[in-house]
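Residue strings, one per chain:
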Amino acid sequence: MSKESIVERIISDAEKEAENIISQAEARAAQVTDDASLRAERKLVGVKAEVAQKVKAILDGKAATARLDGAKAELAEKRRVIDVVYKNALDALIDLDKKSSLALAEWLLVEFAEEGDEITFAPSYKYCAEIAKLDIVKEKSLKIAQGKSPVSGGFVLRGKYSDKDVSYDALIELDKEKHQAEIAASIFKG
């Protein structure tokens, strides 16, 4: 074998070896690229799922807040309606005719007045003189106050040991505490 053939053979072997190394490197690069693409795709799917979960949580939170705000607004309107109902009831008490007003006053005095109490009327109360003439006033030695009480209607009983607010405001508030739920249920059926 000649020198040239040896050199050619060495070059040929080196070229084959180089082709083999390049082929292995390309295969390894393709494998690394495929692995990286697969990892990136998996990561993308995971991030998309995480984002979708966060979006759902935010939307659910916003929906719950909206429902709560709606319920608050509805409750506020219902309370406003109930307040109007009770305001109308107070106005009706204030506007009672003489007979009904005196009957109510007499009942309140029988039930709540104690011996020697002083009756302090609301400034707008129309039947002060008539109440002073009731038998219960004489029976319990009740006094009629010269001043007025800062209530919307009716009167307050000022006693030796305690005062009793039997004004129309107090009667309405007492009724509201006891019957507000029933009234709301009948007004807002369903």
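Note: the structure precedes this text.
Given the structure is predicted, the values throughout are model-derived calculations rather than measurements.

Visitor: Help me understand the overall build of the protein in this model?
Guide: Within the protein one finds five helices and four strands. Listed by position from the N terminus, the elements making up the protein come as α-α-β-α-α-β-β-β-α. By the compact-globule yardstick of 16 Å for 190 residues, the protein is too spread out, its C-alpha radius of gyration being 46 Å. The dimensions of the protein, computed from C-alpha atoms along their principal axes, are 155 × 35 × 25 Å.

Visitor: For this particular structure, what's the right way to read the packing of helix 1 (residues 3-94) against helix 5 (residues 168-187)?
Guide: Two elements in contact, helix 1 and helix 5, have axes separated by 10 Å at closest approach and are oriented at 135°. One finds that helix 1 runs oblique with respect to helix 5. Taken as a pair, helix 1 and helix 5 cross one another with a handedness that is right-handed. Residues Val81, Ile82, Asp83, Val85, Tyr86, Ala89, Leu90, Leu93 and Ile94 of helix 1 form the contact with helix 5, whose participating residues are Tyr168, Asp169, Ile172, Asp175, Lys176, His179, Gln180, Ile183, Ala184 and Ile187.

Visitor: Before we go on, may I ask you to explain helix 1 in this structure?
Guide: The α-helix winds at 3.6 residues per turn, so residues separated by three or four positions along the chain end up facing the same way. An ideal rise of 1.5 Å per residue puts 136 Å on 92 residues; helix 1 measures up with 133 Å between its terminal C-alpha atoms. Taken together, the buried positions of helix 1 are occupied by Ile82, Tyr86, Leu90 and Leu93. On the buried face of helix 1, the contacting elements are helix 2 (98-112) and helix 5.

Visitor: So what exactly am I meant to see when it comes to the sheet that holds strand 3 (residues 155-158) here?
Guide: Strand-to-strand pairing in sheets goes through backbone hydrogen bonds, with the strands running parallel or antiparallel. Spatially, four strands are ordered 2-1-3-4 in an open sheet, and the strand pairing comes out mixed. Sheet topology places strand 2 (143-144) and strand 4 (163-165) at the edges, where each strand pairs with a single neighbour. Pairing geometry for strand 1 (residues 118-121) and strand 3, over four bridges, is antiparallel. Bridged to phenylalanine 121 within strand 3 is phenylalanine 155. Running over the sheet, helix 2 touches strand 1, strand 3 and strand 4 and is turned about 25° from strand 3.

Visitor: Honestly, the pattern of salt bridges in this entry has me stumped. Any pointers?
Guide: Any two side chains of opposite charge can pair, given that their charged atoms come close. A full pass over the atoms with the stated rule returns 10 salt bridges. Where salt bridges share partners, they join Glu114, Asp117 and Lys164 into one cluster.

Visitor: Could you clarify how one ought to interpret unusual backbone geometry in this entry?
Guide: One can expect most non-glycine residues to show negative phi and most peptide bonds to be in trans. Despite not being glycine, serine 141 shows a phi value in the positive range, around 55°. Residue serine 141 is classed as partly exposed on the basis of its relative accessible area of 38%.

Visitor: I would appreciate a short explanation of the environment of alanine 40 in the present structure.
Guide: Considering the arrangement of structural elements, one finds alanine 40 in helix 1. Residue classification places alanine 40 among the partly exposed residues on the basis of a relative accessible area of 45%. Spatially, the C-alpha atoms of alanine 40 and leucine 68 are 41 Å apart, while their sequence positions differ by 28 residues.

Thresholds applied
- Residues numbered from 1 in each chain as written.
- Predicted model: local features only at pLDDT ≥ 70, side-chain atom pairs only at ≥ 80, totals over all residues.
- Heavy atoms only, no water.
- Helix = DSSP H or I, 4+ residues; strand = E, 2+ residues; numbered from the N terminus.
- Rg over C-alpha atoms; globule rule 2.2 N^0.38 Å.
- Axes fitted to C-alpha atoms, helices over the stretch in contact; angles between N-to-C directions.
- Parallel < 35°, antiparallel > 145°, perpendicular 65-115°, else oblique.
- Left-handed = near helix turned anticlockwise from the far one by under 90°.
- Contact = heavy atoms within 4.5 Å.
- Expected span 1.5 Å × (residues − 1).
- Buried < 20%, exposed > 50% of the residue type's maximum accessible area, 1.4 Å probe, protein only.
- Pairing = 2+ DSSP bridges.
- Salt bridge = Lys/Arg side-chain N within 4 Å of Asp/Glu carboxyl O.

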